[in-house]
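Examination of the molecular architecture
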Amino acid sequence: MQEAMYYETKEAATVKCRLCPKHCVIRDGQSGACRVRRNEGGRLFSLNYGRCSVCALDPLEKKPLYHFYPGRKILSLGTFGCNMSCRYCQNWTLSQREAATNELSPEEAVSLALRQREAGNIGLAYTYSEPVVWYEYVWDTARAAREAGLKNVVVSNGFISREPLKKWLEVVDAMNIDVKAFNKEFYRKLCGAELAPVLTCVETAARHCHVEITTLLIPGYNDELAEIESMARWLAGINPAIPLHLTRYHPDYQFAAPKTPLSTLRAAQETARKHLHYVYIGNVAGEDRHSRCPHCQTMLLDRSAEFLQSELGQECLHCGAKIQFTGPYL
């Protein structure tokens, strides 16, 4: 076990975790709500440090990150545990269970990522489960990766306290943050969490690194167009060029609601496009995933088969509008 960061010892060997906004008060011998931070004799330990449940070389678009080094790949690592309890979780076997793992030290992870460079790898992504509750491992690995010239990507629910987030952002190059809904009741009833800290995470991260947003639309719960428009308007207030990914839900874990109709996703996409330059539909085979100029709709990047570099640059070749992509293309 690795001693955790961001906690304080209270009376009778009780500790208070300060990593996420839940601020769990944990008695000796017990674990926090995330199940992977345990109090042993008044000291808090990470139970999943160096324990890797998934390791795969993925396209950046799978994170999803469409405007960060498009066409490249990233070595993706995941563990188990989460500080939310979403009843519809699409990855619950990792987030809500203790999955089988292999030991992978930060040094081994960086060495593996470096060996993957010839395959198009640009760095390391901390993903699959919730990297917030893998904080110490991500911090150590990301620092080593940065020193080795690699990029760091975090795919997160954004439910993290301000101080650890700011420290993370010293070494993180890109984040995909899951804004699960734009209403407080959804977070409280379905996720066991709060909306406000997630919004703060997005606003803070957008000032320091590349950010894209994902929202899984669940019929009857977070798919009202008025809510989608409110979220898009808020995002546009930060930066209208932040890409938004509206993804299809399917029944899983404790939820049996039918999968999201394509018509709902398309209506939400059109609504969000009133305020945002780039809005994509995800989890739908064959749906348009291309990047187009937000002003003249010229194709910038064709994702139907092979990536096309010819129309992608810092500005649209047809209307001259500035195009916001991060990193070399292809």
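Before reading further, recall that the structure is shown in the block above.
Pairing is mixed across the open sheet formed by eight strands, whose spatial order is β8-β9-β11-β12-β13-β14-β15-β16. Because the sheet does not close on itself, it has two edges, and the strands there are β8 (54-59) and β16 (279-282). Geometrically, the sheet is characterised by an average inter-axis angle of 20° between neighbouring strands, direction not taken into account. Summarising the sheet, strand β14 (residues 210-217) and strand β15 (residues 244-248) pair through five bridges and their orientation is parallel. Bridge assignment links Leu-217 to a residue of β15, and that residue is Arg-248. Packed on one face of the sheet, helix α3 (residues 135-147) meets β9 (73-78), β11 (121-126) and β12 (151-156) and runs near 170° to β11. This element, helix α6 (residues 196-205), spans β13 (174-178) and β14 of the sheet and lies at about 160° to β13.

Here we take up the nonpolar core. When a protein is soluble and globular, its nonpolar side chains tend to lie buried together. Core analysis: the biggest nonpolar cluster contains 80 residues, and Tyr-88 and Met-175 have the highest contact counts within it. What Met-175 contacts, discounting residues up to four positions off in sequence, is Leu-65, Val-154, Ser-156, Leu-165, Leu-169, Cys-201, Ala-205, Cys-209, His-210, Val-211 and Glu-212. Ranked by size, the runner-up nonpolar core spans 11 residues in total, among them Leu-300, Leu-301, Ile-323 and Phe-325.

Our next topic: the packing of helix α2 (residues 106-115) against α3. Interhelical geometry of α2 versus α3 gives an angle of 45° and a closest axis separation of 9 Å. Considered as vectors, α2 and α3 are oriented oblique to each other. Once α2 is placed against α3, the crossing between them reads as right-handed. Residues Pro-106, Ala-109 and Val-110 of α2 lie in contact with α3, whose contacting residues are Tyr-137, Asp-140, Thr-141, Ala-144 and Ala-145. Of the residues belonging to the contact of α2 with α3, the class tally is six nonpolar, one polar and one charged.

As enumerated under the stated definition, the model contains 14 aromatic pairs in all. Plain terms: the ring middles of Phe-68 and Tyr-69 are 4.8 Å apart, the flat faces sit at 70° to each other, and that makes the pair edge-to-face. Take Phe-68: its relative accessible area is 2%, and that puts it in the buried class. Tyr-69 gets classed as buried once you look at its relative accessible area, which sits at 12%. Each ring, one from Tyr-221 and one from Phe-255, has its centre 5.0 Å from the other, and the planes form 55°; the classification is tilted. Residue Tyr-221 is found in the loop between β14 and α7 (225-238), and its partner Phe-255 is found in the loop between β15 and α8 (262-272); the two are separated by 34 residues along the sequence. Residue Phe-255 is classed as buried on the basis of its relative accessible area of 7%. Pairwise contacts between aromatic rings join Tyr-88, Phe-186, Tyr-187, Tyr-221, Tyr-249 and Phe-255 into one cluster.

Turning to the sheet that holds strand β4 (residues 25-26), a few remarks are in order. Strand order across the open sheet formed by three strands is β2-β3-β4, with antiparallel pairing between neighbours. Strands with a single pairing partner mark the edges of an open sheet, and in this sheet they are β2 (7-9) and β4. Bridge analysis of β2 against strand β3 (residues 15-17) gives three bridges, and the strand direction is antiparallel. The residue bridging Tyr-7 from the neighbouring strand is Cys-17, located in β3.

Parameters and conventions
- Residues numbered from 1 in each chain as written.
- Predicted model: local features only at pLDDT ≥ 70, side-chain atom pairs only at ≥ 80, totals over all residues.
- Heavy atoms only, no water.
- Pairing = 2+ DSSP bridges.
- Helix = DSSP H or I, 4+ residues; strand = E, 2+ residues; numbered from the N terminus.
- Axes fitted to C-alpha atoms, helices over the stretch in contact; angles between N-to-C directions.
- Contact = heavy atoms within 4.5 Å.
- Core = buried A, V, L, I, M, F, W, Y, C linked by side-chain atoms within 4.5 Å.
- Buried < 20%, exposed > 50% of the residue type's maximum accessible area, 1.4 Å probe, protein only.
- Parallel < 35°, antiparallel > 145°, perpendicular 65-115°, else oblique.
- Left-handed = near helix turned anticlockwise from the far one by under 90°.
- Nonpolar A, V, L, I, M, F, W, Y, C, P; charged D, E, K, R; others polar.
- Phe/Tyr/Trp six-rings, centres within 6.5 Å; stacked < 30°, edge-to-face > 60°.

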